[in-house]
Amino acid sequence: GESVGLHLPTLSVQEGDNSIINCAYSNSASDYFIWYKQESGKGPQFIIDIRSNMDKRQGQRVTVLLNKTVKHLSLQIAATQPGDSAVYFCAERIDTGFQKLVFGTGTRLLVSP
Amino acid sequence: NAGVTQTPKFRILKIGQSMTLQCTQDMNHNYMYWYRQDPGMGLKLIYYSVGAGITDKGEVPNGYNVSRSTTEDFPLRLELAAPSQTSVYFCASSYSDQGRGNTIYFGEGSWLTVV
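Below, the structure is looked at part by part. Keep in mind that what you see is a predicted model, and the values were worked out from it rather than measured. Within each chain, residue numbers correspond to sequence positions counted from 1 in written order. As they are written, the chains are lettered A onward and the ligands numbered 1 onward, keeping that order. pLDDT decides what is reported in this predicted model: residues at 70 or higher carry local features, side-chain atom pairs at 80 or more are listed and counted, and totals for whole chains, interfaces and linings draw on all residues regardless. As a convention, hydrogens and water are excluded, and side-chain values are obtained from all of the structure's heavy atoms.

Section: the overall build of chain B
Segments assigned H or I by DSSP are reported as helices when at least four residues long, segments assigned E as strands when at least two residues long, and all are numbered from the N terminus. Scanning chain B from terminus to terminus reveals 0 helices and 11 strands. Traced from its N-terminal end to its C-terminal end, chain B shows the element sequence β-β-β-β-β-β-β-β-β-β-β. Its C-alpha atoms give chain B a radius of gyration of 13 Å, within 12% of the compact-globule value 13 Å for 115 residues. With the C-alpha coordinates of chain B rotated into their principal frame, the extents come out at 45 × 30 × 25 Å. For chain B, the residues scored as buried account for 46% of the 115 residues in total. As displayed, chain B offers around 5400 Å² of accessible surface, 51% of which is attributable to carbon and sulfur atoms. Each charge class in chain B can be summarised by its mean position, and for the 9 positive and 9 negative side chains these summaries are 8 Å apart. Within these notes, the globule rule equals 2.2 Å times the number of residues to the 0.38 power, and the radius of gyration is based on C-alpha atoms. Relative accessible area decides the class of each residue, using a 1.4 Å probe on protein chains only: under 20% of the type maximum gives buried, over 50% gives exposed, and in between gives partly exposed. Only the protein chains shown count as cover for residues, with accessible areas throughout obtained via the Shrake-Rupley method and a probe of 1.4 Å. Note that His is not counted, nor are the chain ends; the positive residues are Lys and Arg, and the negative ones are Asp and Glu. By convention, the point assigned to a charge is CZ for Arg, NZ for Lys, CD for Glu and CG for Asp.

This is the structure:
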């Protein structure tokens, strides 16, 4: 079946700490995994993605790790800032002729100053 | 570029009323999508379009209709609104060419309440 789930619904961290948000997926045919950030009252915003043939990809302060063996995806945020407070969604893209995204339920990240 | 623009931002409907959520994008994307997001949940795909004149159902199409007469516009029509359609609606778009990365760009959302 198709499902993308998150292990923790809420993650609270102190400013300056590193944050790790986890995600499990079940579809081995997914070719892309994407992390989105959604601030209150706004639409999801693309953060970083990773192709299924990669294990790691780094962006600015963010790193995505993909472990296909256990079907696990994580988003690492370095030196977390109050502005990082938001809900983070992972999504897997299944290419069935069009780019179908299956979203997880989201993890809320709370950053305390 | 304005990106993906949705209107209205907020709307209250009575049961049985109809309305259209407007969506337009100025990025010349082929693909467009409508998602709904219920409280505390992820996004569910309602309808999508791979180009002008072509639309198809997503995961939760019942109670909705769409059209795609131009590349830019992808309106979502709610006929006979029901309380179960109370949700936040997001329009999105993307390139069809996988070589361009295929990130999906979302609008800011339309908050719809059916009472």
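Observations regarding unusual backbone geometry
Cis geometry is found at the peptide bond from T7 of chain B to P8 of chain B, where omega equals -5°. If you trace the backbone, P8 of chain B turns up in the loop between strand 1 (4–7) and strand 2 (10–13). Phi at K71 of chain A is positive, roughly 55°, even though this residue is not glycine. Residue placement: K71 of chain A occurs in the loop between strand 7 (62–67) and strand 8 (72–77). Residue K71 of chain A is classed as partly exposed on the basis of its relative accessible area of 28%.

Comments concerning the sheet that holds strand 7 (residues 64–66) of chain B
All names here are of chain B. Whether two strands pair comes down to DSSP finding at least two bridges between them. Read across the sheet, 4 strands follow the order 1-3-8-7 without closing on themselves; strand pairing throughout is antiparallel. One side of each edge strand has no neighbouring strand; the edge strands of this open sheet are strand 1 and strand 7. Mean inter-strand twist for the sheet, computed between neighbouring axes without regard to direction, equals 20°. Strand direction decides the pairing type here: strand 1 and strand 3 (residues 19–25), joined by 4 bridges, are antiparallel. Across the sheet, the residue bridging to T5 is T24, located in strand 3. Every angle, taken between N-to-C directions, lies between 0 and 180 degrees, and every axis is a line fitted to C-alpha atoms, over only the stretch in contact when it is a helix.

Quick word on the side chain of S19 of chain A
All names here are of chain A. Tracing the backbone through its elements, the reader meets S19 in strand 3 (residues 19–25). Its relative accessible area of 1% is what places S19 among the buried residues. In protein, a polar contact means a hydrogen-donor-capable atom and an acceptor-capable atom, both N or O and within 3.5 Å, with residues adjacent in sequence counting only if both atoms are side-chain atoms; elsewhere, any N or O pair within 3.5 Å suffices. Here the side chain of S19 touches T80 through a polar contact of 2.7 Å, side chain to side chain. The contact criterion used throughout is that any non-hydrogen atoms of two residues lie within 4.5 Å. Those residues in contact with S19 that sit more than four places away from it in its chain are L11, V13, L75, Q76, I77, T80 and L109.

Section: the state of the cysteines
All names here are of chain A. Disulfides are defined as pairs of cysteine sulfur atoms found within 2.5 Å of each other. Throughout the structure, instances matching the rule amount to 2 disulfides over all chains. Paired by a disulfide, C23 and C90 hold their sulfur atoms 1.9 Å apart. Taking the sign of the torsion about the S-S bond as the criterion, the disulfide between C23 and C90, at about 55°, is right-handed. Taken together, the positions of C23 in strand 3 and C90 in strand 9 (residues 86–95) put the pair 67 residues apart, joining distant regions of the chain. The buried category is assigned to C23, whose relative accessible area is 1%. Given the relative accessible area of 0%, C90 is considered buried.

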